[in-house]
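Examining the three-dimensional arrangement
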Amino acid sequence: MTAKENMEKIFRHEKPDWIAHLGSEAYGIRDYIVERPIMTTGYDAWGCRWISCPDSLNITHPDTSDIKLEDVTQWKDKVVFPDLEQIDFTPMKEEAAAFTERDSRMLQYVSLNGIFERTHILMGFENALCQVIMDPEAYGEFLAAIADHKIKLFEKVYEICQPDILVYHDDMAIQTGPYFGMDFYKEYIFPQYKRIVDAARNIGYQYVVHHSCGKVDTLIPEWISCGFDGWDSVMACNNLTQVKKEYGDRIVFMPGLDTQRVFGSSQSSRADIEKMVVEWMEMLAGDGTGLIIDSTVAYSLNPENEKICLEMIQKHGRPFMEAKKAGRPYQPQLEQE
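Please read these numbers as outputs of a predicted model, since none were measured by experiment.

Let us look at the pairing of strand S10 (residues 207-212). With six of six residues buried, S10 is to be regarded as a mostly interior element. In S10, alternate side chains face the same way, and those of Tyr207, Val209 and His211 on one face and Val208, His210 and Ser212 on the other are all buried. Two strands pair when backbone bridges link them, and strand S7 (residues 165-169) and S10 are joined in this way by five bridges, in the parallel orientation. Residue pairing across strands places Tyr168 opposite His210, the latter belonging to S10. For S10 and strand S11 (residues 230-233), the ladder comprises four bridges, and the chain directions are parallel. Looking across to S11, one finds that Val209 is bridged to Gly230.

Here you go:
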């Protein structure tokens, strides 16, 4: 069985031959529209400035002094949307042509900075939240316009490289709960999500995944209603056991694992990381279904931990599934401290 066939079984909520690792078993095409500069200070295609952080592997964050929009009612006059006809997609075309493993590996396109994230990058986070309260209707119109732009982008990307998976990034919460009350989500955000997912399916993407950090467990049923196939990030602050119990047959979990307490800690040993990997396999795939691990250095900020984590996923992924298919408990041979 190829990695692609194995991942297809997971998305169908069937028992795969092994627990998959997204980063090593699917190929990720770069976001050439530059939703954010990668690893360097610079500007994105919307004209927003980003600053790299040397203490965090040069991961970039918005320059909060570079505000493009203060009053959301003025978005039509103030915001310049990227002209997709002026973007040079030649590097994406070349990279797609060089990917020769389509029969054996999935191709994923990761679209950074979803409709809400783009608004707060343009307006500043605190101001964006205030604008939601002051004029939700204008904010909703702005979100819809960004969704229109995203759909056009997804059409362009699919025309170039036909990805199997679309990973749509739009963080929706902090560690204690969602940014907004459910009424705002239902009226202004989720209808745009459904439009995006429906459009992606019509374009040709086979699977559409929502990436969101934070405590979003209360939003999962709405995401399922929007049509998302998977949830990427899956932070430990969520009630994951309950989400798996209630929705595990309808959404695929794609976690970065316990990023804060184990994966991202320089104090974690090999044994700590191995124990974490097996525990998350049991928690999110105890029935043998619905788990693709997406642990990356962007979650851990620790290249050595990422290397160990991948080693442990490969060590346990197949025997774990052999046990689940046989209907017996998995009894791992764990390294000792």
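The next point concerns the sheet that holds strand S5 (residues 59-62). An order of S3-S4-S5 is seen for the three strands of this open sheet, with the pairing classed as antiparallel. Both edges of this open sheet fall to strand S3 (42-43) and S5, since each of them pairs with a single strand only. Relative to S5, strand S4 (residues 49-53) runs antiparallel, the two sharing four bridges. When the bridges of S5 are listed, Ser52 appears paired with Thr60.

This part covers helix H8 (residues 182-203). Spanning 22 residues, H8 covers 29 Å between terminal C-alpha atoms, matching the ideal 32 Å at 1.5 Å per step. At Ile189, H8 shows its maximal bend, which comes to roughly 45°, and the proline Pro191 appears one to four places after that position. Within the sequence span of H8, burial applies to Phe184, Tyr185, Tyr188, Ile189, Phe190, Gln192, Tyr193, Ile196, Val197, Ala199, Ala200 and Ile203. Phi for Gly204, located one or two positions after H8, is positive at around 140°.

Moving on to the packing of aromatic side chains. The geometry of an aromatic ring pair is captured by two quantities: the separation of the ring centres and the angle between the planes. Using the criterion set out here, one finds 25 aromatic pairs in the structure. Judged by centre distance (5.1 Å) and plane angle (90°), the rings of Phe116 and Phe180 are edge-to-face. Pair noted here: Phe116 is in helix H5 (residues 115-123) and Phe180 is in the loop between strand S9 (177-178) and H8, with a separation of 64 residues, a long-range link. What makes Phe116 buried here is its relative accessible area of 0%. When the centroid spacing of 6.4 Å and the interplanar angle of 75° are considered together, the rings of Phe154 and Tyr205 count as edge-to-face. Taken together, the residues Phe154 in helix H7 (residues 136-161) and Tyr205 in the loop between H8 and S10 connect sequence positions 51 residues apart. Both residues of the pair, Phe154 and Tyr205, count as buried.

Analysis parameters
Throughout this description, residue numbers start from 1 for each chain and increase along the sequence as written. Under the rules for a predicted model, residues below a pLDDT of 70 receive no local features and side-chain atom pairs below 80 are neither given nor counted, while totals for whole chains, interfaces and linings still include all residues. The side-chain quantities take in all heavy atoms of the structure and omit both hydrogens and water. Each residue gets one of three labels from its accessible area relative to the maximum for its type: buried under 20%, exposed over 50%, partly exposed in between, using a 1.4 Å probe on protein chains only. A run of H or I in DSSP counts as a helix once it spans at least four residues, and a run of E counts as a strand once it spans at least two, with each numbered from the N terminus. Two strands form a pair only when DSSP identifies at least two bridges running between them. Given the number of residues in a helix, its expected span is that number minus one, multiplied by 1.5 Å. Fitting one axis to the seven residues ending at a residue and another to the seven starting there, the bend at that residue is the angle between the two axes. The pairing test for Phe, Tyr and Trp rings, Trp by its six-membered ring, is centres within 6.5 Å, and the orientation test on the planes gives stacked under 30 degrees, edge-to-face over 60, and tilted for anything in between.

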